[in-house]
Amino acid sequence: MSAAAGSLSFTADAETAAELDAADPLADLRSQFHIPVGSDGQPQTYLVGNSLGAVPVEAANYVGEELSRWAKLGVAGHFDGPLAWEPYHELLAPQMAAIVGANTDEVVVMNSLTVNLHLLMVSFYNPTPQRHKVLIEQHAFPSDHFAVESQIRQRGNDPAESMVLVSPQPGSDTLDPEDILAAIEEAGSSLAMVLLPGVQYYTGQVLPMARITAAAHRVGATVGFDLAHAAGNIPLELHDWDVDFAAWCTYKYLNSGPGGVAGAFVHQRHVANPDLPKFLGWWGTRKDTRFQMGTVYEAIPTAESWQVSNAPILAMAALRASLDVFDKAGGLVPLREKSELQIDYFDYLLEAVLGNRIQNLTPKALGQRGCQFALRVTNPAVDGRAVYEQLGHNDVACDWRYPDVIRVAPVPLYNSFTDIHRFVQILDRLLVEAPSQ
Ligand SMILES: *Cc1c(COP(=O)(O)O)cnc(C)c1O
């Protein structure tokens, strides 16, 4: 069996993987990362960039440079030279804006993801007795659910009354976009806010962000997206889609390291709106008067006014190293082109080698998926968790999400076609040898 891939035909042989790697114009980018090593000292088959991206080789230099500046300059480092720490976050905004399809003044790098969701909901969840509901997924990432639940309580409302939960149809693992749109329509004038993922963390499903935004705006609700699994994975157009706000972490597809500093987006329409409620701190007030230490707040007229505290420079330095690799790649468009070929190839191998022994929960259509696959072992006599653990013993890094999914993400920045081939070969062998539960 074979399928066409440009000029190449897929086969299940290792030669096809080698040919695809040889023809890959982005293959050299792998050398920009340290791939974690396995038990044999060789690079692992590292397919878990959906959880923690690999470290850019340059990250140590970028962080080291800030440590040196600190050693040499001390407090003067805040104001000295092109890497001055006071405006350091400004260095990241243009590159981050390109990743999410935003204008530079719509994006700020700050805090962590859940913190940013809270800060943005302070501004964009403004319930009234009539309009108080928040639409989220039934199976939202727990942190998002907790954040919304607590925001509802904080305004004196009851989550049982104010949370609208959308879930997949019985027997389906993924959301039907029409169900989301219908739920928005049905909530109508009682709907204050929609908070949904760009890419669903469990299934890898991409939601139609532009359509959801338009539907929510039609009923008068605000819309935010959690882009934890979308930023750096798929091309985004937050500005043009007219999204109100968004937040994302950077340690997944943006390779900034554990606990890396997060991103936030506020649409241009809102950035200078003085009427939006906001939690204030000194890093949101005008830069030219900030150090006069006055207590009259004058908001920076960009997304920076959502900043509360001064920035974590060492974390930002590591992130800059990764954003520079995205620039080297030419941005998300060529990366997505490679990713789509990797998705096709992975689909082909799953079908050709594993057949019906593995079910992929991720939607088939390219427009509804990023690079993450959500694989389920179909034979109920086989313990999927044990298979996942065996993958680890074979130097394959992927992850397990309860109740029964192995998440695998070939990341076009540093994963090869050979990585995908090796993964499928090992999974094939493990399924033959798999212990019953
Ligand atoms: C990874 C992830 C988080 C993690 O939140 P932190 O605040 O960075 O710990 C939250 N929500 C979603 C959807 C995620 O995928």
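Quick notes on the rules
- Residues numbered from 1 in each chain as written.
- Predicted model: local features only at pLDDT ≥ 70, side-chain atom pairs only at ≥ 80, totals over all residues.
- Heavy atoms only, no water.
- Salt bridge = Lys/Arg side-chain N within 4 Å of Asp/Glu carboxyl O.
- Helix = DSSP H or I, 4+ residues; strand = E, 2+ residues; numbered from the N terminus.
- Buried < 20%, exposed > 50% of the residue type's maximum accessible area, 1.4 Å probe, protein only.
- Pairing = 2+ DSSP bridges.
- Axes fitted to C-alpha atoms, helices over the stretch in contact; angles between N-to-C directions.
- Contact = heavy atoms within 4.5 Å.
- Parallel < 35°, antiparallel > 145°, perpendicular 65-115°, else oblique.
- Left-handed = near helix turned anticlockwise from the far one by under 90°.
- Nonpolar A, V, L, I, M, F, W, Y, C, P; charged D, E, K, R; others polar.
- Domains from an automatic or database assignment.
- Buried area = accessible area lost by both parts, 1.4 Å probe.
- Polar contact = N/O pair within 3.5 Å; in protein donor to acceptor, adjacent residues only side chain to side chain.

Observations concerning the pattern of salt bridges
Reasoning step 1: All told, the structure shown has 21 salt bridges when counted by the stated rule.
Reasoning step 2: Close ionic contact of Asp-242 with Arg-269 constitutes a salt bridge, the shortest N to O distance being 3.0 Å. Of this pair, Asp-242 sits in the loop between α9 (238-241) and β11 (245-248) while Arg-269 sits in helix α10 (residues 268-271), placing them 27 residues apart in sequence.
Reasoning step 3: Residue Arg-269 is classed as partly exposed on the basis of its relative accessible area of 41%.
Reasoning step 4: For Asp-347, the salt bridge is made with Arg-369, and the minimal N-O distance between the two is 2.8 Å.

A look at the sheet that holds strand β17 (residues 405-408)
Reasoning step 1: The antiparallel open sheet is built from 4 strands, whose spatial order is β13-β14-β17-β16. A strand with exactly one partner marks an edge of an open sheet, and here the two such strands are β13 (358-360) and β16 (399-401). Taken over all neighbouring pairs, the strand axes of this sheet differ in orientation by 35° on average, direction set aside.
Reasoning step 2: For strand β14 (residues 373-377) and β17, the ladder comprises 3 bridges, and the chain directions are antiparallel. Considered in β17, the bridge of Leu-375 is made with Ile-406.
Reasoning step 3: Against the sheet, helix α13 (residues 332-354) touches β13, β14 and β17, its axis set at about 10° to β14.
Reasoning step 4: Together, β13, β14 and β17 form the strand contacts of helix α15 (residues 417-433), whose direction differs from that of β14 by roughly 15°.

Observations concerning the packing of helix α14 (residues 384-393) against α15
When two helices pack together, their arrangement is given by the angle between the helix axes and the distance between those axes.
Reasoning step 1: Two numbers describe how α14 lies on α15: the axes approach to 10 Å, and their chain directions differ by 130°. Classified by the angle their axes make, α14 and α15 are oblique. Both α14 and α15 take part in a crossing whose hand is right-handed. Of the residues in α15, those in contact with Val-387, Gln-390 and Leu-391 of α14 are Phe-423, Ile-426, Leu-427, Leu-430 and Leu-431.
Reasoning step 2: For the contact of α14 with α15, a count of residues per class yields 7 nonpolar, 1 polar and no charged.

Some words on the domain arrangement of the chain
It is common to give the size of an interface as the accessible area lost on bringing the parts into contact.
Reasoning step 1: According to the domain assignment, the chain contains domain 1 (2-50 + 332-433) and domain 2 (63-327).
Reasoning step 2: The straight-line distance from the C-alpha centre of domain 1 to that of domain 2 is 30 Å.
Reasoning step 3: Contact residues are listed per partner, giving 30 residues for domain 1 and 19 residues for domain 2.
Reasoning step 4: In total, about 2,000 Å² of surface goes out of reach between domain 1 and domain 2, with carbon and sulfur atoms giving 60% of it.
Reasoning step 5: Linking domain 1 with domain 2 are 1 salt bridge.
Reasoning step 6: Ionic pairing is found between Arg-376 and Asp-173, a salt bridge with its closest N-O pair at 3.0 Å.
Reasoning step 7: Counting every contact that joins domain 1 to domain 2 gives 9 residue pairs in polar contact (both at pLDDT 80 or more).
Reasoning step 8: Contributions of two or more residues to the side of domain 1 that touches domain 2 are made by α13, β14 and β17.
Reasoning step 9: For the side of domain 1 that touches domain 2, the leading source of residues is α13, giving 3 residues.

Brief notes about the side chain of Ser-305
Reasoning step 1: Structurally, Ser-305 is set in the loop between α11 (287-290) and α12 (313-329).
Reasoning step 2: Apart from residues no more than four positions distant in its own chain, Ser-305 is found in contact with Val-271, Lys-278, Gly-284, Tyr-297, Ala-299 and Ile-300.

Focus on the pairing of strand β7 (residues 133-137)
Reasoning step 1: In terms of burial, β7 is a largely internal element, 4 of the 5 residues being buried.
Reasoning step 2: With 3 bridges joining them, β7 and strand β9 (residues 191-197) adopt parallel strand pairing. Bridge pairing in β9 links Leu-135 to Val-194.
Reasoning step 3: Direction of pairing for β7 relative to strand β8 (residues 163-166): parallel, over a ladder of 4 bridges. The partner of Val-134 across the bridge, within β8, is Met-163.

Description of the packing of helix α7 (residues 177-187) against helix α8 (residues 209-218)
Reasoning step 1: Across the interface, α7 lies against α8 with an axial gap of 9 Å and an inter-helix angle of 15°. The pairing of α7 with α8 is recorded here as roughly parallel in orientation. Our pair here, α7 against α8, has a crossing hand that is right-handed. Of the residues in α8, those in contact with Glu-178, Ile-180, Leu-181 and Ile-184 of α7 are Arg-211, Ile-212, Ala-215 and Ala-216.
Reasoning step 2: For the contact of α7 with α8, the class distribution of residues is 6 nonpolar, no polar and 2 charged.

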